[in-house]
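# Fold and contact review
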Amino acid sequence: MTSTHDILVSGPFARTMLTNFFFFGSLNGFVLLPLYVHQLGGSEAAIGLVQGTYSAAGILCQPLVGAWIDRVGRHFFMVLGATVLTISCAAFVATGSIPLIGMLRALQGAGFSAFFVANYIHVVDLVPHERRGWALGIYGLSGLLSTSLAPLAGEFLVRRFGFPWLFLWATLLAGASLLLVFRMHDVQPPSMTGGPGLAAVRQGIRELLHLHMGLMSFFGLGTGTIFTFLPTFAERLGVTGLGLFYTAYAGAAMLVRVAGGGLIDTRGRRAVIIPSMLVQALATSILAAVAILVRPGSAVPVLPFLFAAGFMAGGAHGFLYPALSALLMDVTPERRRGSAVGTFSSVFLVGNALGSIAFGYVAHGFGYRVMWSALTVLLVTGFLASLRLRVGYAPRRLEAAPC
């Protein structure tokens, strides 16, 4: 498949996107989980720990999945991930204990790890190199669409019927993804060779030293903190209709991928990564300004500022994830792609976990003004680091460069 039409209408690619939509539709309903933990009496620190267990499980599991994915096969891990997610979502219906919620979030993190790494490599196998950046961005639209719709649906269910109905809805979506996974097949058969040895482990550690890994951790830090603490931050300011933030976020990400996704391939990875890092920092600076200038109960309309922050952060996300992922595939030998994606995604989750756990204590001890301001400073640091990126130029520039 080389043309846009061939990729989009092919059965395997469309089925992969639909499966991804249901899977992340289930997961994205849990962006409202901080409100549930708060309802059970948990503080911001408890919220951060609960959400951090999800990322911590992913940090541990994704490199393992990546290391074994070529031997065991993509399909096995996709089935495993969707099964674990379905079971964990169903268990949420029957629990009201914060420690148990943390354990279930860890289980969801393990399921996400198995599914995501396998499904992502499956998409890479389906598309040609010259369309990779665009195709990865289009594939990600399915997850972003669920990011846009799931919080709105979840907010409606919670306000009308309560959290158990949200968890039941998430279970049904996860079950739908599991049914679709059973109809998918590996593009490449499992290698059935020996598992990863010490050399592969050492190579994985060396890969962590690359700048694009560091940029992914900054990106994860921003998204993890925003998605963890925005619900309670908005609730403290008396904001209703928070689902509009996620709609703005996902809408902007989808817009840039549809309208400008080809820039990742034509202009080069670097040309979109650097400005996107800056835009993400500017988005959190809006949240910091709101926290500093607006007090709870104030007559100042806060929702438009949250919408603007969501739109900017989502636009940055729309470019950053596929651009950084395509850059990773560019510099990674094919035999190490599974392991590299596992490591790469775990680095993103390291950022998520640090944002959830560390900033939970910051918000609890010093308030949201300090938290959002400190996050903005760190993201500006990430932007400055991105200026040192020396790979990811457009193909035509690489071809014109002297040998």
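Throughout this description, residue numbers start from 1 for each chain and increase along the sequence as written. Only residues with pLDDT of at least 70 get local features here, since the model is predicted, and only at 80 or more are side-chain atom pairs given and counted; chain-wide, interface and lining totals rely on the full set of residues. Computation of side-chain values: all heavy atoms of the structure, hydrogens and water removed.

## So, the packing of aromatic side chains
- Any two of the Phe, Tyr and Trp rings considered here, Trp counted by its six-membered ring, make a pair once their centres fall within 6.5 Å; the pair's planes then place it as stacked at under 30 degrees, edge-to-face at over 60, or tilted in between. In the structure shown here, the tally under the stated rule is 26 aromatic pairs.
- Geometrically, the ring pair formed by Phe116 and Tyr120 is tilted, given 5.3 Å between the ring centres and 35° between the ring planes. With Phe116 and Tyr120 both in helix 6 (residues 98-126) and four residues apart, this pair spans about one turn of that helix.
- Between the aromatic rings of Phe233 and Tyr368, the centroid separation amounts to 5.2 Å while the plane-to-plane angle is 50°, which identifies the pairing as tilted. Here Phe233 is found in helix 10 (residues 211-236), whereas its partner Tyr368 is found in helix 16 (residues 368-386), with 135 residues between them in sequence. Tyr368 carries the same exposure label as Phe233, and that label is buried.
- Following the ring pairs from residue to residue traces out a cluster consisting of Phe23, Phe24, Tyr54, Phe112, Phe115, Phe116, Tyr120, Tyr139, Phe219, Tyr321 and Phe348. For helices the rule is a DSSP run of H or I covering at least 4 residues; for strands it is a run of E covering at least 2, with both sets numbered from the N terminus onward. Under the scheme applied here, a residue whose accessible area is under 20% of the maximum for its type counts as buried, over 50% as exposed, and between as partly exposed, the area being computed with a 1.4 Å probe on protein chains only.

## Let's talk about the pattern of salt bridges
- For this analysis, a salt bridge means a side-chain nitrogen from Lys or Arg found within 4 Å of a carboxyl oxygen belonging to Asp or Glu. Scanning the entire structure with this criterion turns up four salt bridges.
- In this structure, Glu44 engages Arg236 in a salt bridge whose closest nitrogen and oxygen atoms are separated by 3.0 Å. Placement of Glu44 in helix 4 (residues 44-72) and of Arg236 in helix 10 is noted, with a sequence separation of 192 residues between them.
- Looking at Glu44, the relative accessible area reads 7%, which means it is buried.

## Here we look at a nonpolar patch on the surface
- A surface patch of nonpolar side chains, amounting to about 720 Å² of accessible area, comprises Val93, Phe156, Phe161, Trp165, Leu168, Trp169 and Leu172.
- Ranked by the residues each element gives to the nonpolar patch, the list is headed by helix 8 (residues 163-181), at four residues.
- As for its position among the elements, Phe161 is in the loop between helix 7 (132-160) and helix 8.
- The exposure class assigned to Phe161 is exposed, which follows from its relative accessible area of 51%. Patch construction takes residues with relative accessible area above 30% that form no salt bridge. Like charges are linked within 9 Å, and nonpolar side chains (Val, Leu, Ile, Met, Phe, Trp, Tyr) are linked within 5 Å. We get accessible surface area from the Shrake-Rupley algorithm with a probe of 1.4 Å; when it comes to residues, only the shown protein chains can shield them.

## Regarding the nonpolar core
- Leu33, Phe233, Ile273, Leu306 and Trp372 are the most contacted members of the largest nonpolar core, which has 113 residues in total.
- Sorting elements by how many residues they give to this core places helix 6 first, with 13 residues. Nonpolar cores were defined as sets of buried Ala, Val, Leu, Ile, Met, Phe, Trp, Tyr and Cys residues, with membership established by side-chain atoms within 4.5 Å.

## Remarks on empty space enclosed by the protein
- In the cavity and pocket records, a cavity denotes points on a 1 Å grid over the protein atoms alone where a 1.4 Å probe fits but cannot get out, a pocket denotes an open set with protein on both sides within 12 Å along at least 5 of 7 lines, and lining residues are residues with an atom within 4 Å of a point. Grid points are joined across faces, edges and corners, and a volume is the space filled by probe spheres set on the points. According to the stated counting rule, one finds three cavities of 30 Å³ or more in the structure shown.
- Of the volumes computed, that of the largest cavity is approximately 770 Å³.
- Contributing to the lining of the largest cavity are 32 residues, with Phe24, Asn28, His317, Phe348 and Asn352 lying nearest its centre.
- Every element with two or more residues in the lining of the largest cavity is listed here: helix 2 (11-28), helix 4, helix 6, helix 7, helix 10, helix 11 (243-260), helix 14 (303-331) and helix 15 (337-366).
- Examining the composition of the lining of the largest cavity, we find that six residues originate from one element, helix 7, more than from any other.
- Counted by class, the lining of the largest cavity contains 17 nonpolar, 13 polar and two charged residues.
- What the second largest cavity holds in volume is close to 50 Å³.
- Surrounding the second largest cavity, Phe116, Tyr120, Tyr321, Ser325, Leu328, Val341, Phe344 and Ser345 form its lining.
- Under this grouping Gly is polar, as are all residues other than the nonpolar Ala, Val, Leu, Ile, Met, Phe, Trp, Tyr, Cys and Pro and the charged Asp, Glu, Lys and Arg. Each residue belonging to the lining of the second largest cavity can be placed in one class, and the counts come to six nonpolar, two polar and no charged.

## Observations regarding the side chain of His212
- One can find His212 in helix 10.
- Residue classification places His212 among the buried residues on the basis of a relative accessible area of 5%.
- For this analysis, residues touch if any pair of their heavy atoms sits within 4.5 Å. Apart from residues no more than four positions distant in its own chain, His212 is found in contact with Leu324, Leu327, Leu328, Val331 and Phe344.

## Describing the environment of Gly365
- With respect to the helices and strands, the residue Gly365 is situated in helix 15.
- Assessed through its relative accessible area of 53%, Gly365 is described here as exposed.
- It is 9.3 Å that separates the C-alpha atoms of Gly365 and Glu44, two residues lying 321 residues apart in sequence.

## Things to note about the confidence of the model for the chain
- For every residue, the predictor states its confidence as a pLDDT score lying anywhere from 0 to 100. The predicted model of the chain averages 83 in pLDDT, with 87% of residues at 70 or higher.
- At the low end of the mean pLDDT range in the chain sits helix 17 (residues 395-400), at 49; at the high end sits helix 16, at 95.
- Every residue in residues 397-403 is under pLDDT 50, and counting partners more than four places away or in other chains gives one contact.

## As for the packing of helix 2 against helix 5 (residues 74-92)
- The geometry of helix 2 relative to helix 5 is characterised by a closest axis approach of 11 Å and an angle of 30° between their N-to-C directions. Relative to helix 5, helix 2 is oriented so that their crossing is left-handed. Residues Phe23, Ser26 and Leu27 of helix 2 touch helix 5, and the partners they reach there are Gly81, Ala82, Leu85 and Cys89.
- Each residue belonging to the contact of helix 2 with helix 5 can be placed in one class, and the counts come to five nonpolar, two polar and no charged. Interaxial angles span 0 to 180 degrees and are taken between N-to-C directions of axes, which are lines fitted to C-alpha atoms, for helices over the stretch in contact. Crossings are assigned a handedness: left-handed for a near helix turned anticlockwise from the far helix by less than a right angle, right-handed for a clockwise turn.

## Observations regarding the environment of Gly260
- Checked against the element boundaries, Gly260 lands in helix 11.
- Given the relative accessible area of 9%, Gly260 is considered buried.
- In sequence terms Gly260 and Trp134 are 126 residues apart; their C-alpha atoms lie 8.9 Å from each other.
- Ignoring any residue separated from it by four or fewer positions in sequence, one finds Gly260 in contact with Leu255 and Phe319.

## A few points about the side chain of Thr171
- You can see Thr171 is positioned in helix 8.
- You can call Thr171 buried: its relative accessible area is 15%.
- Discounting chain neighbours no more than four positions away, the residues touching Thr171 are Thr86, Cys89 and Ala90.

## Details of helix 16
- Over its 19 residues, helix 16 extends 27 Å from the first C-alpha to the last, a length consistent with the 27 Å expected when each residue adds 1.5 Å.
- Along helix 16, the residues that are buried comprise Tyr368, Met371, Trp372, Leu375, Thr376, Leu379, Gly382, Phe383 and Ser386. Along the axis of helix 16, the buried positions cluster into a sector of 130°, meaning they face one direction only. Here the expected span of a helix is defined as 1.5 Å times the quantity of residues minus one. An arc is given here, and it is the one of the directions from the helix axis to the C-beta atoms.

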